[in-house]
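# Architecture and fold: a report
One letter stands for each residue in the lines below.
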Amino acid sequence: MNKKPGFYIRLFLHICFMRKCFVLTSLLFAVVLSVSFSKESLRNIYSRPSSQWPAPFIDDRINWQELGILPGSPIEDQKASLQHIIELGKMLFFDARLSGSGKISCATCHQPELSWTDGKERSTGHEGTLTKRNSPSIQNTWFYKKLFWDGRAKNLEDQAFAPINSETEMHSEMPELMRKLRAVKGYKDLFAKAFGDDEISPDRMTEAIASFEKTIVSAKSRFDKFLEGDKKILTNSELRGLHLFRTKARCMNCHNGPLFSDNQFHNNGFHYYENGFIDSAKFDKGLYNTTHDIADLGKFKTPSLRDVMNTGPWMHHGKMRSIKELIGHYNKGAEGNGGSEKTIKMLFLTNKEIADLESFLKAISSAPVPFKKPVLPD
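Below is a summary of the structure that appears in this document. Given the structure is predicted, the values throughout are model-derived calculations rather than measurements.

## Side note on the packing of helix α13 (residues 323–332) against helix α14 (residues 351–363)
- At a minimum axis separation of 10 Å, α13 and α14 run at an interaxial angle of 120°. With respect to α14, the element α13 is oriented oblique. Crossing of α13 against α14: the hand is right-handed. In this structure, α13 uses I323, K324, I327 and N331 to contact α14, whose residues at the interface are I354, L357, E358 and L361.
- Considered class by class, the residues forming the contact of α13 with α14 number five nonpolar, one polar and two charged.

The following block contains the structure:
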């Protein structure tokens, strides 16, 4: 190719001015890529420090972070001093006595061998009741400013309390639960070790569960090892997927930073419409249920994509059963998903690009961390 990149950019702008055709955005992308990368491989480009990577495709006014190495637990340096509180929290997390039926624990919906999910479209609660939403992983959950799909919990302690007290989930009455725990001699000893005396209270219970959850961190992925210096560990397809993730596929608008989440809430079109109208029986209002702001209708928390290949089915309703199907949803853009925000645009990804993007998602997914379940107190 003999002509300089500026020629193709000027040609594109001229055609856009004449036809105002959005489809040509993808053609510009292809032309610029062919010129920019004809003399240098993606492996060489992404082997540089991330500050020298190509600029991502980010919409105006979006505050974003570059992708990075998996961070450690925020209480990593405190584990020794918090050892007894963490151990107590682990016991409580796996104890079905926290539920009214004695059949459901926190771990029922967050299983370590499933990357701390349950593998179901929607979780099963009290006496077989189907809950409203899919159970997300609790890995790296300390990262989020607000918890639950609709942001109704302000911290992990608040989040731990809600399912226990929910009629459809664990179905416990807090006063009755405290009486049950106080009757277990082993718990009196564990609370005394954790807090200095054997008082058993809701605040102490949720503090212990939250402290345990803060220790749940993903294993480093092959992408982390690539960032740490192993520049051969990613395949060519995975590198193409990385570049697509940051550019044409526009994933970085929401899934950025070391944990692949902007910690925000978005309406991405994953709610129910019938013939252009909201079906109130199916429509999940999402963040609106918490804020009561009409601008938040249909918005849900941006989940981390760490270990995404292990945590399906996906989205708040669990309806996406394959990554290909999930990418296909975004590929259609706002026109194919009524009601989504302006950030969601038609992508024009080819089948090969979708395959490369899926390859990269595999590169940021690691096997579940081995975990030894506790022996519960008598």
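## Here's the deal with the nonpolar core
- Residues L88, L92, F93, L98, L181, Y187 and M205 are the most contacted members of the largest nonpolar core, which totals 34 residues.
- Breaking this core down by element, the ones donating at least two residues are α4 (83–94), α5 (106–109), α6 (156–165), α7 (174–182), α8 (185–195) and α9 (202–213).
- Of all the elements, α4 adds the most residues to this core, at seven residues.
- Here F93 is in contact with S105, C106, A107, H110, W116, I138, I209, F212 and E213, once residues within four sequence places are set aside.
- Counting residues in each nonpolar core, the second largest holds 32 residues, with Y46, I327, L347 and L361 among its members.

## Considering helix α11 (residues 236–246)
- Judged by how many residues are buried, α11 sits mostly within the fold: nine of 11 residues are covered.
- Within the span of α11, buried status applies to S237, E238, L239, G241, L242, H243, L244, F245 and R246.

## Topic: unusual backbone geometry
- With omega at -5°, the peptide bond leading from G312 into P313 counts as cis.
- Secondary-structure assignment places P313 in the loop between β4 (300–301) and α13.
- The backbone phi angle of E127 is positive, close to 50°, even though this residue is not glycine.
- Exposure remark for E127: the relative accessible area of 54% places this residue in the exposed category.

## Examining the packing of aromatic side chains
- Under the definition given, this model contains 17 aromatic pairs.
- When the centroid spacing of 5.8 Å and the interplanar angle of 75° are considered together, the rings of F245 and F260 count as edge-to-face. Of this pair, F245 sits in helix α11 while F260 sits in the loop between α11 and β1 (265–266); the two residues are 15 residues apart in sequence, bridging distant segments of the chain.
- Among the aromatic side chains, those forming a connected cluster through ring pairs are F93, F94, W116, F212 and F371.
- Directly above the aromatic system of F148 lies the positively charged group of R152, at a separation of 3.8 Å from the ring centroid.
- Here K231 stacks its cationic end above the ring of F226, 4.4 Å away from the centre of that ring.

Analysis parameters
Residues numbered from 1 in each chain as written. Predicted model: local features only at pLDDT ≥ 70, side-chain atom pairs only at ≥ 80, totals over all residues. Heavy atoms only, no water. Axes fitted to C-alpha atoms, helices over the stretch in contact; angles between N-to-C directions. Helix = DSSP H or I, 4+ residues; strand = E, 2+ residues; numbered from the N terminus. Parallel < 35°, antiparallel > 145°, perpendicular 65-115°, else oblique. Left-handed = near helix turned anticlockwise from the far one by under 90°. Contact = heavy atoms within 4.5 Å. Nonpolar A, V, L, I, M, F, W, Y, C, P; charged D, E, K, R; others polar. Core = buried A, V, L, I, M, F, W, Y, C linked by side-chain atoms within 4.5 Å. Buried < 20%, exposed > 50% of the residue type's maximum accessible area, 1.4 Å probe, protein only. Phe/Tyr/Trp six-rings, centres within 6.5 Å; stacked < 30°, edge-to-face > 60°. Lys NZ or Arg CZ within 6 Å of the ring centre and 35° of its normal.

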